[in-house]
Amino acid sequence: MSKASPRSTAVRAVDPTLAALFDVHEATLPNGLKVRLLANHQAPVVSLYTFFQVGSRNERPGITGISHLFEHMMFNGAKKYGPKMFDKTLESNGGRSNAYTSNDMTVYYDDFSADALETVLDLESDRMRSLRISDQTLASERQVVMEERRVRVDNEIPGMMDEELGTLVYKAHAYRWPVIGWMADIENITREDCQEYFRTYYAPNNAVLYIVGDIDPKKTLALVKRYYGNIPRGPSPAPVLNAEPEQKGERRAVVRHPAQSPSVMIGFRGPAASNEDTLVLDVVQYILTKGEGSRLVKSLVYDQKAAVSVMLDWSWRIDPGTILFYLELKPDSDAAKVEALLYAELERLAREGVTDKELQKAKNNLRADHLRELSTNSGRGHALGHYEALLGDWREGLSLPTFYASVTAEQVKTVAAKYFAPERRSVVTLHPEAGAEEAGDEAAEA
């Protein structure tokens, strides 16, 4: 995914099979809370998802990482249900909960038995209405997040390289910093920062509630109104400006860190989620790296034995995202040569396209994965909320099978040539260096 990228305004053709299964009841409360209800009576269970339209994209230098920090803060008690009471109450009713933060959104979800619905609505509305934000809880969660950063970024090679890559791909956009934030910012976020963030981004007018499972939509909406209806609106969040300049050439960086072998991470500038090229790139991703027989795995790992593993991560974002390749190499590998082999495969895709068999296999796997996610209450709640957050309408997700089935080999060639152009890429190479213990041993031997 000038100003923030526009969302799609016209819904593509919905898959008729899916349309019959998704009778979503929609409502918007006077305070701005959007409610989406989908009944499924196959089992007496329910999934509840709360999507807040806030992620690292909404942050600024000085408070990077506050969205992820706040995800932790939301489990520390509110006015009615105090510290540790949220999980205790939910689990005593046979439920479980979790949350995640991304570049574009923060999502909380609960799975529970149908007879606990009112209790869960009470729990969730309590923390939306009156979360307790104290210096003590902030200090505690700050330490948890700082340790998480040390483990997942500062001492993990892919995390370290991904963080470096972000600063190459983006010069002006908020996607430049990691979702977990810069360490100095995490250390200095204040309680006042958190209170302002809560009032703005955790208000009902910035949230969408998805409830899927063994429910009566009419009765459930009445319960939602009872528990959420009197939560006041918050101020309108500031729009995010996409001021990212055009990339005019390849960008490179080197990371030196103790490791057994080199690695290469490559990011190509991609489109926004609302751009139809995004869906063609979904097909391209499956062609290149889905399964042991996919193009890059077969060529680089098995045939040429140039890499230990090759991964492609193409994740939708509101603003233009990154097509990310990560290659783990053998200890004696020449990273530049393996890079060249990857580029040769991408150029071949753009020049020659794909076989009918490859294309059909990618389409089949995409359809299977899409339908697999929509087969559970939790999967449906997550998927539909995700589509609404990134595409502007949950119905867009029900059009995916139809669109994927229509993708042609010519579209694959066109998109590959456009997005895998050398001037769109940024490259981070890990150069292994001796660890402290090895360096000490070498000094002693000398």
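Residues numbered from 1 in each chain as written. Predicted model: local features only at pLDDT ≥ 70, side-chain atom pairs only at ≥ 80, totals over all residues. Heavy atoms only, no water.

As recorded in an unreviewed UniProt entry, the protein chain goes by M16 family peptidase and comes from Corallococcus coralloides.

1. Concerning the packing of aromatic side chains
Counted under the stated rule, the structure contains 18 aromatic pairs. Ring plane angle 35° and centroid distance 4.3 Å describe the contact between Phe 52 and Tyr 202, whose orientation is recorded as tilted. Of this pair, Phe 52 sits in strand 3 (residues 45–52) while Tyr 202 sits in the loop between helix 8 (191–201) and strand 6 (207–213); the two residues are 150 residues apart in sequence, bridging distant segments of the chain. Judged by centre distance (5.6 Å) and plane angle (70°), the rings of Tyr 170 and Tyr 175 are edge-to-face. Both residues of the pair, Tyr 170 and Tyr 175, count as buried. Ring pairing ties together the aromatic residues Phe 52, Phe 70, Phe 75, Phe 86, Tyr 108, Tyr 197, Phe 198, Tyr 201 and Tyr 202, which thus form one cluster. The ring of Phe 86 carries Arg 127 above its face, with NZ or CZ at 4.0 Å from the centroid. (Phe/Tyr/Trp six-rings, centres within 6.5 Å; stacked < 30°, edge-to-face > 60°. Helix = DSSP H or I, 4+ residues; strand = E, 2+ residues; numbered from the N terminus. Buried < 20%, exposed > 50% of the residue type's maximum accessible area, 1.4 Å probe, protein only. Lys NZ or Arg CZ within 6 Å of the ring centre and 35° of its normal.)

2. Quick look at the UniProt feature "domain: Peptidase M16 N-terminal" (unreviewed entry) in the protein chain
This chain's UniProt record puts "domain: Peptidase M16 N-terminal" (unreviewed entry) on residues 37–171. Helix and strand shares over residues 37–171 are 47% and 19% respectively, and the end C-alpha atoms of the span are 40 Å apart. (UniProt positions renumbered as here; feature names shortened; annotations may be inferred.)

3. Quick look at unusual backbone geometry
Located in the positive-phi region is Lys 84, a residue other than glycine, with phi close to 70°. In this fold, Lys 84 is placed in the loop between helix 2 (66–73) and helix 3 (85–92). Taking the relative accessible area as the measure of exposure, Lys 84 reaches 72% and is therefore exposed. Backbone geometry at Lys 305 places phi at a positive 50°, although glycine is not the residue there. Looking at the secondary structure, you find Lys 305 in the loop between helix 11 (295–303) and strand 9 (309–314).

4. A short note on the sheet that holds strand 6
Ordered by their spatial adjacency, six strands build an open sheet running 1-2-6-3-5-4, and the pairing between neighbours is mixed. Two strands bound the open sheet, and with one partner strand each, they are strand 1 (25–28) and strand 4 (96–101). Direction aside, the axes of adjacent strands within the sheet are offset by 15° on average. The pairing of strand 2 (residues 34–39) with strand 6 spans six bridges and is parallel. (Pairing = 2+ DSSP bridges. Axes fitted to C-alpha atoms, helices over the stretch in contact; angles between N-to-C directions.)

5. Comments concerning the domain arrangement of the protein chain
Note on interface size: it is often stated as the accessible area lost on association of the parts. Split into domains, the protein chain comes out as domain 1 (22–229) and domain 2 (251–433). Once you take the C-alpha centre of each, domain 1 and domain 2 turn out to be 28 Å apart. On the side of domain 2, 42 residues touch domain 1, which itself brings 37 residues to the contact. Contact between domain 1 and domain 2 buries roughly 3,400 Å² in total, counting both sides, with carbon and sulfur atoms accounting for 63%. The three residues of domain 1 that bury the most area against domain 2 are Phe 22, Met 161 and Leu 168, which together make up 20% of that side's buried surface. Taken together, domain 1 and domain 2 are joined by three salt bridges. Run the count over domain 1 and domain 2 and you get 21 residue pairs in polar contact (both at pLDDT 80 or more). Every element with two or more residues in the side of domain 1 that touches domain 2 is listed here: strand 2, strand 3, helix 6 (157–169) and strand 6. If one sorts the elements of the side of domain 1 that touches domain 2 by residue count, helix 6 sits on top with nine residues. The residue inventory of the side of domain 1 that touches domain 2, partitioned by class, reads 21 nonpolar, six polar and 10 charged. (Domains from an automatic or database assignment. Contact = heavy atoms within 4.5 Å. Buried area = accessible area lost by both parts, 1.4 Å probe. Salt bridge = Lys/Arg side-chain N within 4 Å of Asp/Glu carboxyl O. Polar contact = N/O pair within 3.5 Å; in protein donor to acceptor, adjacent residues only side chain to side chain. Nonpolar A, V, L, I, M, F, W, Y, C, P; charged D, E, K, R; others polar.)

6. Remarks on the sheet that holds strand 8 (residues 263–269)
Taking strand neighbours across the sheet as the criterion, the five strands line up as 7-11-8-10-9 in an open arrangement whose pairing is mixed. Each edge of the open sheet is held by one strand with a lone partner, namely strand 7 (251–258) and strand 9. Recorded for the sheet is a direction-independent mean angle of 15° between the axes of neighbouring strands. The sheet strands contacting helix 11 are strand 9 and strand 10 (322–328), and the helix crosses strand 9 at an angle near 155°.

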